[in-house]
Each structure stands twice: as structure tokens, then as C-alpha cells.
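# Structural overview
Below, each chain spelled out in residue letters.
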Amino acid sequence: MATLASLILVALSFSASHAAYSQARKPAPSPTKTITINTEPNAIVWVDEIRRGVSDPSGNITLKIFSSGRHTLRVRANGFRETSVPLLGVRANLNVKLARTNDQAELAFQEAETERDQARDAASKQHAAELYRKALKLRPTFPAANVGLARILLDLGEIDSALEEITAARRARRSYPEASAVEGRIYRENTATDQAIASFRRAIREGNGFQPEAHVGLARIWEEKNQFEDAAKEYELAIKQLSESEPVIYQLQGAVYEKLQRPKDAVTAYEKYLEIAPNGTYASAIRSIIEQLRREAAGQQLMPE
């Protein structure tokens, strides 16, 4: 049976923070509310440390919140001081005013983050690394800059240097789920599987169960070990924690369901990818295989118990 697994080579970069999660395999919950944030144009917005998008040229972004309870909104725009506000009990619209900053370390860090987001070749990635180093020179204790630099060094294949940055980040901030998750990715890229598993599991503990990047990292390892049921469970956890905001995980999940010969589940995952990213990179490939999977699912239903 054809799969999409051979078409996928994905580098996932997420953030993580403290939250609880359920181990049960249930469908992702329906959104409980929609909030429109008004802030600076082209501002990056996180909810519970998960990046949810960028505001439009007028400064607006509409977010779906997938669970009740307390949430934290974080907003960053280049040239402004980053701010966080609680979302508990807010109305349908929320204005988040940012203050200008002259902190040169923060400005260099923001520039580095922007460059890393846009980097498509080695030269631009090296430039991002230089900007992170500039921020760290201006503010030697800057764990977020260490982690950002580690990510770009990993992309450049500089494994040892990337690990040094993670060590520096964890020295400054002992419990740091994102740093542990990135450490797991570095070890996995270096085929140090046992160390990668330990780092991913530490990231999940440090995040009180909430660390989607680590869950995806574990899923990729279980795939490599042909433990496809375990991989599917980790992808499901990551999807729940990301509030259905990252289509590539549905793509990866669908490929795992194909390997498990569960075409109906694979179709559901792929259709969710298309719902979120109808013009995504793999949308045409997914559409070309869904009908085949539907036929296989129908065939399974006709088989006697």
C-alpha cells in the first residue's frame, strides 16, 4: 500500500509550557470560544506557549480556544517589549497594547527569531546564528536566545555546538521544557536514541505533561522502531496540546495509520490536514491517496468478523 511517509521530511519547532493533558485517545474537543486579538501589526501570538499565528497588517488575529479554564496569551512584535496577559473570562475581543523597547539584547533576539523563521538557506541561517550570538553577548544570561541558537545550529548540522547552547540554557533555567525537547531533537538527529528518549520524557515531566514537541519527537522514534501504535498515541497527544493548529502532525499521523492498516483513521487524519491547510505543501498528494484509502476502509467494513 502506498504511503505518504516517504514524502515527509519535517523539522518541527514548537514551544511548550505547563498544562495538564489526558492519556485517553479521544477526539480533539470542539472550540469553546473564539477571541479576536487586536495588537501591533505582524505580531506573533502564543496561547499557553504554543505559537498560534501572526496578526494581520491591521493588528488583528482571531483565535479558537479549545478548552475552558485559564489560558495565557503572549504577544511579541519587533521593536516592542513582549507581554503576557491572562485569557480567563475575556470577551470576544481583546486589545493588547505593546510598549516600545530600547533593550538592545531583546531587539537583537527579535531580529534573530525573525531571521530564523524566514531562513531558507545556509547563509541566512548563519546570519540568524550571528544575531543570537549578538543578543547573548549583550545579555549573557538569556536562555531563550540559547535555545533559538541551538535550533539554528541543529539545522546547520552543528550538533556539538547546539548541545552546548542547550546546556547553557538549562544552566540558567533548570526546569525548561522547550530546552529539553530541543535537546531530544538534537540527540535524535545524532542517532543517540536512548538519550533522545530520556530528553523528550524529561521535557514532558518538566511541562507537567504538556510538551507537544517532545510528544512528536517520541512519535518519530517509535516509528523508527516500528512501534506504530505507540507513535499514533504520541501524535494524538501532540494534536490535543496544539489545539488542532499544526496540520503537519495530521499528515504524520495519517502515515502511521496507513502502516497500521487502519485506512479509515488515516482518511480522518488526512482530511483534517486538508481542512486546516487546503493549499498546504502536501495537499495534492493527500487528495490523490484519500480515495484509495476510502476504498480500503470500505473493504474492511465488508469483511466478516
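Quick look at the structure, then. (Residues numbered from 1 in each chain as written. Predicted model: local features only at pLDDT ≥ 70, side-chain atom pairs only at ≥ 80, totals over all residues. Heavy atoms only, no water.)

## Describing the pattern of salt bridges
Side-chain pairing between opposite charges can occur once the charged atoms of the two side chains come close. Counted by the stated rule, this structure contains 20 salt bridges. Between Arg-51 and Asp-117 there is a salt bridge, and its shortest N-O distance comes to 2.8 Å. Here Asp-117 lies in helix 1 (residues 104-118) and Arg-51 lies in strand 3 (residues 50-54), a separation of 66 residues in the sequence. Judged by relative accessible area, which is 32%, Asp-117 ranks as partly exposed. Among the charged side chains, a salt-bridge network with shared partners connects Arg-74, Arg-76, Glu-82, Glu-113 and Arg-116. (Salt bridge = Lys/Arg side-chain N within 4 Å of Asp/Glu carboxyl O. Helix = DSSP H or I, 4+ residues; strand = E, 2+ residues; numbered from the N terminus. Buried < 20%, exposed > 50% of the residue type's maximum accessible area, 1.4 Å probe, protein only.)

## So, the pairing of strand 2 (residues 44-47)
The two faces of strand 2 match: Ile-44 and Trp-46 on one face and Val-45 and Val-47 on the other face are all buried. Pairing of strand 2 with strand 3, which is carried by 4 bridges, proceeds in the antiparallel orientation. Considered in strand 3, the bridge of Ile-44 is made with Val-54. Counting the residues in the hairpin turn of strand 2 and strand 3 gives 2 residues, including Asp-48, whose phi is positive at 55 degrees. Sheet analysis places strand 2 next to strand 5 (residues 72-76), joined by 4 bridges and oriented antiparallel. Across the sheet, residue Val-47 finds its bridge partner in strand 5, namely Leu-73. (Pairing = 2+ DSSP bridges.)

## Observations regarding unusual backbone geometry
Glycine aside, residues mostly have negative phi angles, and peptide bonds mostly take the trans form. Even without a glycine there, the phi angle at Asn-208 is positive, about 55 degrees. By secondary structure assignment, the location of Asn-208 is in the loop between helix 6 (193-206) and helix 7 (212-224). If you check the backbone angles, Gln-261 has positive phi at about 60 degrees while not being a glycine. Along the chain, Gln-261 turns up in the loop between helix 9 (247-259) and helix 10 (263-276). A residue is classified by how much of its surface remains accessible, and Gln-261, at 59% relative accessible area, is exposed.

## Considering the environment of Leu-63
For Leu-63, the position within the fold is in strand 4 (residues 60-65). Using a relative accessible area of 3% as the deciding quantity, one classes Leu-63 as buried. For Leu-63, the residues in contact, after removing those within four places along its chain, are Lys-33, Thr-34, Ile-35, Ile-37, Val-45, Val-47, Arg-52 and Leu-73. (Contact = heavy atoms within 4.5 Å.)

## A closer look at the environment of Gly-209
Turning to its location among the elements, Gly-209 is positioned in the loop between helix 6 and helix 7. In sequence terms Gly-209 and Pro-177 are 32 residues apart; their C-alpha atoms lie 9.9 Å from each other.

## Regarding the sheet that holds strand 3
As summarised here, the arrangement of the 4 strands in space is 3-2-5-6, forming an open sheet in which the pairing is antiparallel. Looking at strand neighbours, the two that pair on one side only are strand 3 and strand 6 (83-86), the edges of this open sheet. The mean angle between the axes of side-by-side strands here comes to 25 degrees, regardless of whether they run parallel or antiparallel. (Axes fitted to C-alpha atoms, helices over the stretch in contact; angles between N-to-C directions.)

## Examining the packing of aromatic side chains
Counted according to the given criterion, the structure contains 2 aromatic pairs. Pairing Phe-109 with Phe-142 gives two aromatic rings, centres 5.0 Å apart and planes at 40 degrees, and the pair type is tilted. Residue Phe-109 is found in helix 1, and its partner Phe-142 is found in the loop between helix 2 (122-138) and helix 3 (143-155); the two are separated by 33 residues along the sequence. Overall, Phe-142 belongs to the buried group, its relative accessible area being 6%. Taken together, the aromatic side chains of Phe-109, Tyr-132 and Phe-142 make up a single cluster linked through ring pairs. Taking NZ or CZ as reference, Arg-139 lies 4.1 Å from the ring centre of Phe-142, over its face. Above the plane of the ring of Tyr-176 lies Arg-173, whose end atom (NZ or CZ) is 4.0 Å from the centre. (Phe/Tyr/Trp six-rings, centres within 6.5 Å; stacked < 30°, edge-to-face > 60°. Lys NZ or Arg CZ within 6 Å of the ring centre and 35° of its normal.)

## Focus: helix 3
The terminal C-alpha atoms of helix 3 lie 19 Å apart, and with 13 residues this matches the ideal 18 Å at 1.5 Å per residue to within 8%. Of all the positions in helix 3, only Pro-143, Ala-145, Asn-146, Val-147, Gly-148, Leu-149, Ala-150, Arg-151, Ile-152, Leu-153 and Leu-154 are classed as buried. Taken together, the buried residues of helix 3 touch helix 1, helix 2, helix 4 (159-172), helix 5 (177-189) and helix 7. (Expected span 1.5 Å × (residues − 1).)

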